[in-house]
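Fold and contact review
Chain by chain, the residues run as shown.
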Amino acid sequence: MREPYPASQQDPGFSIEALESLLLALLAITAAALLFGAFLALQGHDALAVYRTLYLGAFGTRFSLESTLTQAAPLLLTALCTLIPARIGLLVIGAEGAVVMGGLGAALAGVALSDAPGAIGTVLTIATGALAGGLWIGAAGALKHFRGVNETISTLLLNYIAIALLNHLVSGPIRDFSQTLKAQSWSIPKSFMIGNIPGYSVHWGLLIGLVVCAVLHLVLRHTTLGFAMDILGGNRRAAQMTGLPIGRLVLFACFLGGAAAGLAGAIEVVAVHGAASESLVVGLGYAGILVAFLARQNPLAVVVVALVLGGISASGGLLQRRFDIPHAATTVLQGLIFLSVLASGTFRGRLLPRRNAP
Amino acid sequence: MTKLISRRHALAAGTNTVVAGTILSGLPLRALAQTPKPITVGFIYAATRNDFGWNQAHAVAAKRIAQLPGVKLIEQERVPETVEVERVMESMIQLDGAKVVFPTSFGFWPFIQKIAPKYPEVLFVHAGGLWKDTDPKNTIGYRGYMEEPHYLCGIAAGMMSKTGKLGFIGSKPLYFIFNNCNGFVLGARSVRPDATCQVVITGDWDNPVKEAETVNSLVDQGVDVIVANVDSPKVAVETAERRGIMSCGYHTDLSTLAPKGFLTGAEWNWAKAGDFVQAWQTGASYPNLFRGGFKQNMVAISPFGKNVPKNVQDSVLQARQGFVDDTLKLYKGPLKDNKGNQVLSAGQEISNTDNPFKLSVKWLVEGAIGSTGLQ
Amino acid sequence: MTGTFDLGWWGVLLAVVAGAIRVSTPYLLVSLGETLTEKSGRVNLGLEGTLVFGAMSAFATCYLTGSPWLGMLAAGVAGSALGLLHAAICNLPRVNDVAVGIALFIFGIGLAFFLGKPFIEPRAPMLPGLPLGNWSSNPAVRSAFEVSPMFFFGIVLAIVLEWSLKHTRWGLILRIAGESADAARAIGLRINRIRTLATMAGGFLSGLGGGFLSLYYPGNWNEGLSSGQGLMAIALVIFARWSPMRCFYASLLFGGTAAIGPAVQTIGITEGYYLFYAAPYVLTLGLLIYSSSPTRTLAGAPAELSISR
């Protein structure tokens, strides 16, 4: 449910709403941290030591920071698969499937275009992956608009279908049988692969994700398109009455969201694996949904949230090794933060004085 | 830090044939006289380590390795087969000072190949036999030939089955799964030439509902002995027990799960890697590729179930001795695959340690009903 | 080799029927629970977390006490506790129930895995089944018709709910809370209380669904137990258009088609098994497309549901 006039359109620039959101988020995270600490203390762990280690593992050393960035990079893009349709009031949870289709598309394109020169090949490969992801979720959007099929279920089902398709293809029809390690597709040419940002051990996917989020933010806030999407998301009837092309907006939003997640899948292929395989199915999509909701469907906040969640994931390993705390502890913490942030949303508009209270 | 290590890897030149013999027994006395330096050993698991299956087998070994003098053990679970495992390995090395790392999932190999050159003072031990001469010298690929204990399970199954129909549940269409299946069928048919084996691939390393459904379907088709090559065979064995059929185990000792129907099981002896840790500690030499069956003590069989009669046990143990003595060859001619092609002609024998042959197995033996999908 | 066991294609049919009974039960319980919740005007996407947490609670309790029924009770209680948490947070003004559901999804699973680690290895006594197939001498048929009482509980519940929602006072109250909060308030109903109770009931049933998984079929507790079954069950609610009886049919359909993949391999169809495994999802999507139309997008959807606005 969204306010009819989103804050972004009310007060350009640094607003009371933004400050309040930040304060509330900090309060919520603190509350979650306290709860988590209590939970750990009940289990017999030294909560303070755990927090120090959490910080160390997430941001404490250059290595940790790079690990956090590595974890966060794909989330920047998969979150958009939920975020963009959410701006127009759709609930899409199909990022996982879009990532898979993006990876498949990229792998197949890379193989098909293997005679192309390096840079062009990379661009086309990535673009094909984005296109594949976009068409996949775009199909769900079409089903919604032309057939009235609920997009939440259709994208959920499409997740499973995409994964089954991936497994089927890489186990047989497009399988590289010389690879005895796992069932994977033919590999894309090495010249198409992208490496790390010079000086850092994080691949270029991070930068791509940051740029996409920044551009999206500009589009959503400063273009007519963004405004139209806000209207549609706020009040469908008002949108109809003002004559907005609803169908096109629905298709476009779903396509764009799917393309972002597809891009993440393509980057996994082009920067990490070099081929499509089951390693594309590691929960990047589902984590993206979490990021989108925590960021309240705001692309700039996505960057911050992805870093926080990436940090928690990155330090999870250290927690396991140093304190014998199960991997699930990071999930519990993420869940607590999420619940806390959501509960704190009830104080929105009541914490700081407003000029024009809704 | 200078380390005088003779990195002589005892490989037969140019081929990936197995190094027989243990390292520990080959260490000169003066090496043993040194007190081993403290060394941190890190184990990385793809899933949870008490899964009664693949990961547990490694965790059991990890515990045994932790008993070695000077060894400090750190473990991390639930690491997926993506760039994340690189970060985890590096984290163990940089933040915890690990000098030996065991990334225990089969799919971690490409990431090991990438990271190992950056850390020449760290030894990377991978549970898979894919090492080649072009790979970093501070890596080891080690893996037991599971087809041998599967052969023994097959003997027990063939002798105990009433219907002569066996079932093999595999997780993914990969070469070692098919070798295990072949071992199982060959063992069964060595005591019962008309035995058949239904082969079903679930497609997932770990999917309890599918595994239970598969066991039920197999039993409905008349199968009365199953073996499950999945990450955690617990569900399959328990479901088999509930349906009243017999089962064989895999990875670790599952005999307690099926008091009535358990025959025996194929187990790993990953703790052999303790030898590599000690070699690294003391600067002795080690092999880069270590594959072996019973002869090299890399595999074992589970204790027999209560209802396994003595004559069956004797047959199994006799065959086991055959592997230990290397008098029993698993793949020997005449051998046909299940599509009618002649794979081995009469008199042809494949050495039990012929790694390239096993890597190239893309077929199922006669008697197995199913296909590999490999070409 | 005895010939009576060679079922061939009949084996596949039997597996589909047995699957429809066994595999469908958790979907049935969760979807009935979510139907209640959604009828009252809330969406609880956290039922996957509730399912897993219920499974863990059931297994742990059963292992520690030796009684599977106590385990099921514990699962239900745990489930309703998570439901209460969902309701409590959603009752606060300006909180989005979809997001809270996702948060609980994550929290529930995390908590279940965290607390459930010590219970992965041990074995616990299982829920007994009712041997309804004893009329047959064929062990395959007998096993297929060994039905859990939970399945009958589910059927009865579906019938009772379908009838009650239309014909009883509390059914009407529930529906008003879901159709129009204003109308409900106008007649003096306490919306938040109704929704809280409905969500707790939904959580209770989901917990039971989880208990079924860990104490009956497949009868095990580990971290791979549910592959999104709770989430899928919520999708089935929409697919069934919020009708308890249709939830029952949808669950049967889903459970039956899920059994096709393993079953056809046992009769020798060995190619394309991944595609067979996708059958339930493809079928559901197909039926969904077929039965939807742009003019009645979410006919039968409670108007207060945030996802139907």
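What counts as what
- Residues numbered from 1 in each chain as written.
- Chains lettered and ligands numbered in written order.
- Predicted model: local features only at pLDDT ≥ 70, side-chain atom pairs only at ≥ 80, totals over all residues.
- Domains from an automatic or database assignment.
- Contact = placed C-beta atoms within 7 Å.
- Helix = DSSP H or I, 4+ residues; strand = E, 2+ residues; numbered from the N terminus.
- Nonpolar A, V, L, I, M, F, W, Y, C, P; charged D, E, K, R; others polar.
- Pairing = 2+ DSSP bridges.
- Buried ≥ 20, exposed ≤ 12 C-beta atoms within 10 Å, placed from the backbone.
- Right-handed = clockwise from strand over helix to strand, strands pointing away.

Residues and elements named next belong to chain B. Domains assigned within chain B are domain 1 (24–145 + 269–292) and domain 2 (147–267 + 299–369). Between the C-alpha centres of domain 1 and domain 2 the distance comes to 29 Å. The interface is formed by 14 residues belonging to domain 1 together with 16 residues belonging to domain 2. Looking at the side of domain 1 that touches domain 2 element by element, the count peaks at 4 residues for helix α2 (residues 54–66). The class makeup of the residues in the side of domain 1 that touches domain 2 is 6 nonpolar, 6 polar and 2 charged.

With that settled, consider the sheet that holds strand β10 (residues 262–268) of chain B. Residue and element names in this part refer to chain B. Taken together, 7 strands build an open sheet; the order of strands is β12-β10-β9-β8-β6-β7-β15 and the sheet is mixed. This sheet does not close on itself; its edge strands, each paired only once, are β12 (299–301) and β15 (368–369). Here 6 bridges tie strand β6 (residues 165–170) to strand β7 (residues 196–201), and the two strands are oriented parallel to one another. Residue Lys 165 lies in a different strand from β7, and its bridge partner there is Thr 196.

All names here are of chain B. Along strand β9 (residues 246–251), 6 of the 6 residues are buried, which leaves the element largely enclosed by surrounding structure. Bridge count between strand β8 (residues 225–229) and β9: 3 bridges; the pairing is parallel. Within β9, the residue paired with Val 227 across the bridge is Cys 248. The parallel pair β8 and β9, bridged by helix α8 (residues 234–243), forms a crossover whose chirality is right-handed. The sheet contact formed by β9 and β10 spans 4 bridges and is parallel. If you follow Ser 247 over to β10, its bridge partner there is Phe 262.

The subject of this paragraph is unusual backbone geometry. Negative phi is the rule for most residues except glycine; trans is the rule for most peptide bonds. Residue Pro334(B) follows Gly333(B) across a cis peptide bond; omega there is -5 degrees. Assignment of secondary structure puts Pro334(B) in the loop between α10 (310–325) and β13 (335–336). In this model, Tyr217(C) is joined to Pro218(C) through a cis peptide bond whose omega is 0 degrees. Tracing the backbone through its elements, the reader meets Pro218(C) in the loop between α10 (191–215) and α11 (229–239). Phi at Arg78(B) is positive, roughly 55 degrees, even though this residue is not glycine. Looking at where Arg78(B) falls in the secondary structure, it is placed in the loop between β2 (71–76) and α3 (83–96). The backbone of Arg94(C) shows a phi angle near 65 degrees, a positive value even though the residue is not glycine. With respect to the helices and strands, the residue Arg94(C) is situated in the loop between α4 (68–91) and α5 (97–116).

Here we take up the interface of chain C and chain B. Taken together, the 37 residues of chain C in the interface contact 38 residues of chain B. Residue assignment for the side of chain C that touches chain B shows that the elements contributing at least two residues are α1 (9–22), α6 (139–144), α13 (260–266) and α14 (273–277) of chain C. Ranked by residue count, the leading element in the side of chain C that touches chain B is α1(C), at 5 residues. Across the side of chain C that touches chain B, the residue classes break down as 19 nonpolar, 13 polar and 5 charged.

Positionally, Glu81(B) belongs in the loop between β2 and α3. When the C-alpha positions of Glu81(B) and Ser105(B) are compared, they lie 8.0 Å apart, and in sequence the two are 24 residues distant. Once you skip the residues sitting within four places of it in the chain, Glu81(B) turns out to touch Ser279(A), Ala46(B), Ser105(B), Gly107(B) and Phe108(B).

With that settled, the discussion passes to the pairing of strand β5 (residues 139–144) of chain B. Residue and element names in this part refer to chain B. Judged by how many residues are buried, β5 sits mostly within the fold: 6 of 6 residues are covered. Burial along β5 is two-sided: the face carrying Thr 139, Gly 141 and Arg 143 and the face carrying Ile 140, Tyr 142 and Gly 144 are both buried. Across 3 bridges, the pairing between strand β4 (residues 123–126) and β5 is parallel. Paired with Val 125 across the bridge in β5 is Ile 140. Summarising the sheet, β5 and strand β11 (residues 289–292) pair through 4 bridges and their orientation is parallel. Paired with Arg 143 across the two strands is Arg 291, which belongs to β11.

Relative to the helices and strands, Asn220(C) is located in the loop between α10 and α11. Each C-alpha atom, one on Asn220(C) and one on Glu121(C), is 9.2 Å from the other, the two residues being 99 residues apart in sequence. When neighbours within four sequence positions are excluded, Asn220(C) is seen to be in contact with Pro208(B), Lys234(B), Val235(B), Glu238(B), Ser214(C) and Leu225(C).

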